[in-house]
Amino acid sequence: MAEYRLSEVEVGQNYKAKELDSFVSTSEVVLMSNNENQLFTEPEREYKVVNEFNGFFEHDDHDGEKYFREKKVYIVEKI
């Protein structure tokens, strides 16, 4: 899968699921898809990166607080 290895993705561009799989496997990112847990079930399916964020809020069950996590988040939609 080395030929699919991506170090970054760009908003507005299309990528195959196998390319996104490699990107997630080698990068510290969160990938959110509109087809839920089926993102990697069809390696040749294309997805468009529609948005990018620098982080997100997360609730901690232990202390009840919300924390901002600085981690790239990409939203993708299946084509």
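The rules behind these values
- Residues numbered from 1 in each chain as written.
- Predicted model: local features only at pLDDT ≥ 70, side-chain atom pairs only at ≥ 80, totals over all residues.
- Heavy atoms only, no water.
- Helix = DSSP H or I, 4+ residues; strand = E, 2+ residues; numbered from the N terminus.
- Buried < 20%, exposed > 50% of the residue type's maximum accessible area, 1.4 Å probe, protein only.
- Contact = heavy atoms within 4.5 Å.
- Pairing = 2+ DSSP bridges.

> I'm lost on the environment of Leu6 in this one. Help?
Note that Leu6 resides in the segment before β1 (14–16). Residue classification places Leu6 among the buried positions, given a relative accessible area of 18%. For Leu6 and Glu46, which are 40 residues apart along the polypeptide, the C-alpha to C-alpha distance reads 15 Å. Leaving out residues up to four positions away in the same chain, Leu6 has contacts with Tyr15, Glu19, Ser22, Phe23, Thr26 and Ser27.

> Even after reading the chapter, I still don't get the pairing of strand β2 (residues 29–33), so can you show me in this structure?
Consecutive side chains of a regular strand alternate in pointing toward one face of the sheet and then the other. Of the two faces of β2, the one holding Val29, Leu31 and Ser33 is buried and the one holding Val30 and Met32 is not buried anywhere. Pairing geometry for β2 and strand β6 (residues 72–78), over five bridges, is parallel. Among the inter-strand pairings, Leu31 is bridged to a residue of β6, identified as Tyr74.

> Could you clarify how one ought to interpret the environment of Phe40 in this entry?
Within the secondary structure, Phe40 sits in the loop between β2 and β3 (46–53). Using a relative accessible area of 38% as the deciding quantity, one classes Phe40 as partly exposed. The sequence separation of Phe40 and Asp63 amounts to 23 residues, and the corresponding C-alpha distance is 34 Å. Apart from residues no more than four positions distant in its own chain, Phe40 is found in contact with Ala17, Leu20, Asp21, Val24 and Leu31.

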